[in-house]
Amino acid sequence: MEHGAEHIEYMLTPPIASAPSSRLDVRLSVNGQSYMVTVPARRTLLDLLRDELHLTGTKKVCDMGQCGACTVLRDGMPVLACLTLVAACEGADITTVEGLAGPNGELTPVQQAFIECDALQCGFCTPGQVMAATALLRENPNPTDEEIVYYMSGNLCRCGAYKGIFEAVRAAARSGGS
């Protein structure tokens, strides 16, 4: 050992014994349909939606709450499904992108505007973008450009379709609907 160099021993500690897996019964509504689910306490809303309810429109991209692709509405407010525990959704009304269209499949003004303004490329971010825009226009039907930029800033698009996304939100606002 060189003079002045320290010898450090790393001690391996045994893994912490994990607590017995607790499961919770949670009642919630998803896209107007009531569910009673039994899930592990740490189950995320994203995993419930995709893996158990087979609603794959909500995308699992970063799985760390940084991209917004998993945005859904919980009681009308946008939330990141990858960071939201099912346990926090007791009694909640969840809306996914699949739940936006009308009973005969008619698109909402936001969905129609995304198509007309070519506000997508690869499509991974699109469901989250549509959900965030829907929440914005329900809260503020006539947002300023600055409000649109601010509200949509939590939703990333790796393809760079921001110009079309911005135009789609403006067009949906002009058409008077979310």
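Everything that follows concerns the structure shown earlier in this document.
Cut-offs used in this document
All residue numbers here refer to positions counted from 1 along the written sequence of the relevant chain. Since the coordinates come from a predicted model, pLDDT governs what is reported: local features require at least 70, and pairs of side-chain atoms require 80 or more to be given and counted, while whole-chain, interface and lining totals use all residues. Values reported for side chains reflect all heavy atoms of the structure, with hydrogen atoms and water molecules removed beforehand. Numbering of helices and strands runs from the N terminus, with a helix taken as a DSSP run of H or I at least four residues long and a strand as a DSSP run of E at least two residues long. Think of it in three bands: with a 1.4 Å probe and only protein chains considered, a residue is buried below 20% of the maximum accessible area for its type, exposed above 50%, and partly exposed in between. Only heavy atoms matter for contacts: two residues are in contact if any of them lie within 4.5 Å across the pair. Only the protein chains shown count as cover for residues, with accessible areas throughout obtained via the Shrake-Rupley method and a probe of 1.4 Å. Angles here are taken between N-to-C directions and fall from 0 to 180 degrees, while the axes themselves are lines fitted to C-alpha atoms, restricted in helices to the stretch in contact. Between 65 and 115 degrees an angle is taken as roughly perpendicular, under 35 as roughly parallel, over 145 as roughly antiparallel, and anywhere else as oblique. A crossing counts as left-handed when the near helix is turned anticlockwise from the far one by less than a right angle, and as right-handed when that turn is clockwise. What makes a nonpolar core is a set of buried Ala, Val, Leu, Ile, Met, Phe, Trp, Tyr and Cys residues whose side-chain atoms join them at distances within 4.5 Å. If DSSP finds at least two bridges between two strands, the strands pair. Salt bridges, as used here, are contacts in which a Lys or Arg side-chain nitrogen is within 4 Å of a carboxyl oxygen on Asp or Glu.

## Concerning the overall build of the protein chain
Inference 1: A count of helical and extended segments in the protein chain gives 5 helices and 5 strands.
Inference 2: Taking all 178 residues of the protein chain together, the buried fraction comes to 39%.
Inference 3: Considering only contacts in the protein chain between residues 6 or more positions apart, those separated by 24 or more positions represent 55%.
Inference 4: Working note: accessible area of the protein chain is about 10600 Å², and carbon and sulfur atoms make up 53% of it.

## Digging into the packing of helix H2 (residues 109-116) against helix H5 (residues 162-174)
Inference 1: Packing of H2 against H5 brings their axes to within 8 Å, and their N-to-C directions diverge by 135°. Taken together, the axis directions place H2 and H5 in an arrangement best described as oblique. Here the hand of the crossing between H2 and H5 comes out right-handed. Contact residues: H2 offers Pro 109, Val 110, Ala 113 and Phe 114, while H5 offers Ile 165, Ala 168, Ala 171 and Ala 172.

## Brief notes about the nonpolar core
Inference 1: Ranked by size, the top nonpolar core spans 26 residues in total, and within it Val 110, Phe 114, Leu 137, Met 152, Ile 165 and Val 169 carry the most contacts.
Inference 2: Val 37, Leu 46, Leu 53 and Val 79 belong to the second largest nonpolar core, which has 20 residues in total.

## Side note on unusual backbone geometry
Inference 1: Phi at Asn 31 takes a positive value of approximately 55°, unusual for a residue other than glycine.
Inference 2: With respect to the secondary-structure elements, Asn 31 resides in the loop between strand E1 (23-30) and strand E2 (33-40).
Inference 3: Judged by its relative accessible area of 27%, Asn 31 falls in the partly exposed class.
Inference 4: The backbone phi angle of His 54 is positive, close to 60°, even though this residue is not glycine.
Inference 5: Positionally, His 54 belongs in the loop between helix H1 (45-52) and strand E3 (71-74).
Inference 6: With relative accessibility at 60%, the residue His 54 sits in the exposed group.

## Focus: the pairing of E1
Along any regular strand, the residues point their side chains to alternate faces of the sheet.
Inference 1: In this structure, E1 lies alongside E2, joined through 8 bridges in antiparallel fashion. Paired with Arg 27 across the strands is Met 36, a residue of E2.
Inference 2: The turn joining E1 and E2, which pair antiparallel and follow one another in sequence, is formed by 2 residues; a positive phi near 55° is taken by Asn 31.
Inference 3: Alignment of E1 against strand E5 (residues 93-95), held across 2 bridges, turns out to be parallel. Each bridged residue has a counterpart across the sheet, and for Val 30 the counterpart in E5 is Ile 94.

## Description of the pattern of salt bridges
Inference 1: Tallied over the full model, the rule gives 6 salt bridges.
Inference 2: Between Lys 60 and Asp 47 there is a salt bridge whose closest N-O contact spans 2.7 Å. Taken together, the residues Lys 60 in the loop between H1 and E3 and Asp 47 in helix H1 connect sequence positions 13 residues apart.
Inference 3: Residue classification places Lys 60 among the partly exposed residues on the basis of a relative accessible area of 37%.
Inference 4: Close ionic contact of Arg 170 with Glu 167 constitutes a salt bridge, the shortest N to O distance being 3.1 Å.

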